[in-house]
Amino acid sequence: RDLTLGVWQMSLFQAREWWSTQVSEDEEFDVGCLCVANVDNEPTGANKIITGSYQGMLRMYYPKQKEYKIEDLILESNMEAPILQIEAGRFVQGSREICMALLHPMKLSVYMVSAVSSGSSVNYYSMAPAYEHKLTRPAFNMCYGGFGGVRDRDYFCIQSLDGVLSFFEQESFAFSRMITSSFLVPGPICYVPKIDSFVICTNAMCIEAYRYQVLAAAADNVDQAPGEGGSGKKVQVDWSTNIGEHARSIEVVRFTRSLSASQQEILVVGEQTIFTLKDSGGIRLQKRLAEYGITASVAYKMPPESADALPSHNLMLGTNTGHLLILKEMQLVWCARLQGIVPAQICVDTLGGVRGMMVLMDSKGKLQVAYLGTDPPTASLVNTEMKELNYDEMEEEHQELLRVIRQTHGDGAAEPEESLAIEAQVPQVLDLGNEDDCDADDPVGRSDGMVMQLTVHIIVTLGGSKPVENVSITLKAPQCFHLSQNSIFIEKVEAGGPPVVVSVLVRVWNKILCSGLEVLACASYFSVNNEPRTVATTFGLPFALVAKPIPPVKNANHKIQLDCNKQPPPLQTLFAGLLNQPHVSASLSQGTSNLLSIQYVSGTEATVLVLKSSGRFCVQATEFAALWVLTQELCNKLHEYFGPGGEGAVPDGEEPFFITFQDSLPLHDYFALIDDHFELRRHLDELRKDLADRTQQYRVIQKRLLVRFKDRNPSPLNHLDTLLNLTFEQTILLTDGIDDVEQALRTVSCHLSAATELVLLLVKLRFGLDEENFTILRRHFSPEICDTTDQGWEEKVDTSLLHLLRTSLARSVKDRNTLPPPMKVPQDTLKLRKRITNVVDRLATGARVSGGPPGPPLDGGEEEELPPEEFGGEQ
């Protein structure tokens, strides 16, 4: 970008100044403080330049020739209130003359401007107030037009800071309507005559349109509490389009040349993108301009190319680098450098008898009239030293510059010399601790009265030559673990010095089922160049921290079978890290050649059985989610044993080791967990609604009691005190119930997370997914459970899987062209269960998320048709 800016600064294309002045040195200006119009209705049609500042000063200029002269300032007046916006139109009833409207924070004023002359010369200009409207709410901006299809006169629509639209039919107030109760900040507003609608940008980054007739017919909803609306219709949005960023301006134009004579479009200039919308709300075109930094924009009408040609508009943008960009149908056709001004507002009109003059104004009060042109360089390069040129040195310098340019464009910005690295040292033997730092009733895992714990050492090293300061390390572990510190702050790390070692004590809760053994450590810091940097690492905790061996258990409600293509080793070898712990008895260690039963710290039991003759492992447990950690540990140990460097490493040339799952996926048990989790979410939501009702009722009773207690002649309580005590007791019961349900939801969430990990592993083994496909599937079918009041795991996974079914796993072009529905809380889990089944079926038919063709239909025939509500509407 620096190279591009350098080329712009040396460009021959620049805006040539025709007239300029400094309006004021200590006043502020912004969008809306500039207007160009024949506001005094001069017969020749000569335009005047009107400016208004936030300090309340109104000025009017009439430039007639090049260079500013004192007589160009024809009017100056202190309006004694900040001027937010200036507009010119037919605002006086019974007159077709142009008037001037000034929007102040709490009033709207309309003036008639006229020239007072004697003979053929103009002596001075005067402003005569026509009328004004007092506003009940602070104004933000306004628009005007022939609302409702009226002709030869203009009405006002004023948008307040709290989102209320007030309509004025010239001298008369019409009505006010609040657009939405969740309004935060106002945005630009525009009137579209063709559809008789008002287009605004909301704080949700949506462009919304409201029809004038709908607003006029709606019930009065201003200054009314929720639920107390009138008997009329509600304010309904005509259409809404999400553009993903806030809008800077909205205009009605003919930007696209292919439009018919009856078509128009809405031009929206966002913070980083330009959009053109159809009058029905659909996005026609968009272009991203994130690298320019837009400060002002205006769409100006182009002269017709021929007598029968349709009118069209170009877009002019001002940037914070002091340049003007001209776009024609989203294509940059001209770029010119401005002379010492960063425009806050731009107008294009006829001035001094010349069409297409640009009127620019910045926030500090500099006013400039310019036109596009080219200026040759003012200075020429002259060789003043008549010495002999050294062409060898020039060539070396040229090659060095080329090398720098290639490195800059090819490799990008150079990485800083300092490089932070973190690693974790995890001992495999537990250090059973005393109970000095915890109570006997603390819910932590114990073995023979000793606390099961582990001390992990986080080692931080820094390479390079300069130190870094303020290093923050964050640790993220599954919910079943308790870390002595989740966040670590290091003031300074020296480069090349001794490593910084931080000890973290890890314990496990005995009331939560373990859903994984992996811990994420992420360090964030700022480099010497003040650039944010992060480095992350993961490490696994030993299986012995969450489980201990027990005598063989035969009873099990759930089981899975895994097959491997190599002769498996004894379980004593695979689980040596668990059996060699100091708190494990020798009798249990010696009797586990082909059968091992373990008990998790949470109390759940699981068993692994090996059949050496067939190379099959059977993992069984009393709970479905308890299969996951033991199965994961078994697969990791098998890959470690048969992998490179292991005791049973496969020689080169032989078939590599792999594990398969031949049975059908246990989706029935998995869906039961999903139903339990979703029912707890719904129950928690119902309890929260009941609590909101009870607290509202409690406040209402309190207010009534206070009113009666303050009265000199109080009326009877009519058992209000009894009702207050009853409401208080119900509130306490509801809060206790919410605590219990939230605890149950956390427990079920851990079970669902472990079960999701197990299903993903079985899908990988069942259909032979490679690491890339498995990683992408895991990101969409996420095992991380994070429920909030607005979004839960079910709707997020449902939307992600629907995205897979409409992209990578789509079977036809029709599926790919279907728009996804908006994310919302479902009524039940039926759609999610169907979505999971569809994904599994398409993987079973050979489809792959990455690098594979779409799978064929399940029955070999026509595509499966889902109901229209699956996709948010009719097809």
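J.: What is the right way to look at the sheet that holds strand β38 (residues 532-540) in this model?
T.: Sheet strands pair by backbone hydrogen bonding; their relative direction is either parallel or antiparallel. Ordered in space as β35-β33-β37-β38, the four strands form an open sheet in which the pairing is antiparallel. Among the strands making up the open sheet, the edge pair consists of β35 (487-493) and β38. Between one strand axis and the next, the sheet turns by 20 degrees as a mean value, whatever way the strands run. Here strand β33 (residues 468-476) runs beside strand β37 (residues 518-526); their pairing, made up of five bridges, is antiparallel. From the neighbouring strand, Ile 473 faces β37, where its bridge partner is Ala 523.

J.: When you look at the sheet that holds strand β7 (residues 99-103) in this model, what are you seeing that I'm missing?
T.: In space, the four strands of this open sheet follow the order β6-β7-β8-β9, with antiparallel pairing throughout. Looking at strand neighbours, the two that pair on one side only are β6 (85-89) and β9 (121-134), the edges of this open sheet. Strand-to-strand, the axes of this sheet are offset by a mean angle of 25 degrees, without reference to chain direction. Direction of pairing for β6 relative to β7: antiparallel, over a ladder of five bridges.

J.: What am I meant to see in the pattern of salt bridges here?
T.: Pairs can form between side chains of opposite charge whenever their charged atoms are close. Tallied over the full model, the rule gives 26 salt bridges. The shortest N-O distance in the salt bridge between Glu 76 and Arg 59 comes to 3.2 Å. With Glu 76 in strand β5 (residues 73-78) and Arg 59 in strand β4 (residues 57-61), this residue pair connects regions lying 17 residues apart in the sequence. Its relative accessible area of 44% is what places Glu 76 among the partly exposed residues. On the basis of relative accessibility, which here comes to 6%, the residue Arg 59 falls in the buried class. Across the salt bridge formed by Lys 107 and Glu 132, the nearest N and O atoms sit 3.7 Å from each other. Residue Lys 107 is located in strand β8 (residues 107-118), and its partner Glu 132 is located in strand β9; the two are separated by 25 residues in the primary sequence. Its relative accessible area of 38% is what places Glu 132 among the partly exposed residues. One connected set of salt bridges, linked through shared partners, spans Glu 27, Arg 59 and Glu 76.

Definitions and cut-offs
Residues numbered from 1 in each chain as written. Predicted model: local features only at pLDDT ≥ 70, side-chain atom pairs only at ≥ 80, totals over all residues. Heavy atoms only, no water. Pairing = 2+ DSSP bridges. Helix = DSSP H or I, 4+ residues; strand = E, 2+ residues; numbered from the N terminus. Axes fitted to C-alpha atoms, helices over the stretch in contact; angles between N-to-C directions. Salt bridge = Lys/Arg side-chain N within 4 Å of Asp/Glu carboxyl O. Buried < 20%, exposed > 50% of the residue type's maximum accessible area, 1.4 Å probe, protein only.

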